[in-house]
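Residue strings, one per chain:
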Amino acid sequence: MNDRHASLGRNLQALATEWAQKLVEEGQPMTPSDVVRWAEAGVRIERLALGQATSRTEVNYNRIAAPILALFQQIVQPALPEPVRAQVVRDFADGVNEIRDNVSGDEGKRT
């Protein structure tokens, strides 16, 4: 089924290309937006059939991390006993940096 769907997606993309050429060459009644819809549908069907992402979402690390860091500083840090506070704060900061690196794709690049 996945192979059949991927093939269908590729065929739709090929049809969209052919139809776009006909629009230019012969003045077919199909509009450019029709061609775009067929091409997008073909790409989406092919990607779904092959298990690939059909959209991407950007993660804004600062929007996520800032409230977490503020809560940590406001609630957790003051509750820590003095002998362990500095180490826990360092460990927490290292964990936040590791998450940031994983989210941004920079793992292993820090020195």
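Our subject is the structure that appears above.
Source: prediction; values computed, not measured. (Residues numbered from 1 in each chain as written. Predicted model: local features only at pLDDT ≥ 70, side-chain atom pairs only at ≥ 80, totals over all residues. Heavy atoms only, no water.)

## Remarks on the overall build of the chain
- The secondary structure content of the chain amounts to four helices and zero strands.
- Written out in order from the N terminus, the α and β elements of the chain read α-α-α-α.
- Each of the 111 residues in the chain was classed as buried or not, and the buried ones make up 16%.
- Considering only intrachain contacts with a sequence separation of at least 6, the fraction spanning at least 24 residues in the chain is 42%.
- Total accessible area on the chain stands at roughly 8500 Å², and carbon and sulfur atoms take up 55% of it. (Helix = DSSP H or I, 4+ residues; strand = E, 2+ residues; numbered from the N terminus. Buried < 20%, exposed > 50% of the residue type's maximum accessible area, 1.4 Å probe, protein only. Contact = heavy atoms within 4.5 Å. Areas by Shrake-Rupley, 256 points an atom, 1.4 Å probe, with all protein chains shown as cover.)

## Section: the environment of G9
- Residue placement: G9 occurs in helix α1 (residues 2-26).
- C-alpha separation for the pair G9 and I45, spaced 36 residues apart in sequence, amounts to 5.0 Å.
- Setting aside residues up to four positions removed in sequence, G9 forms contacts with G42, I45 and E46.

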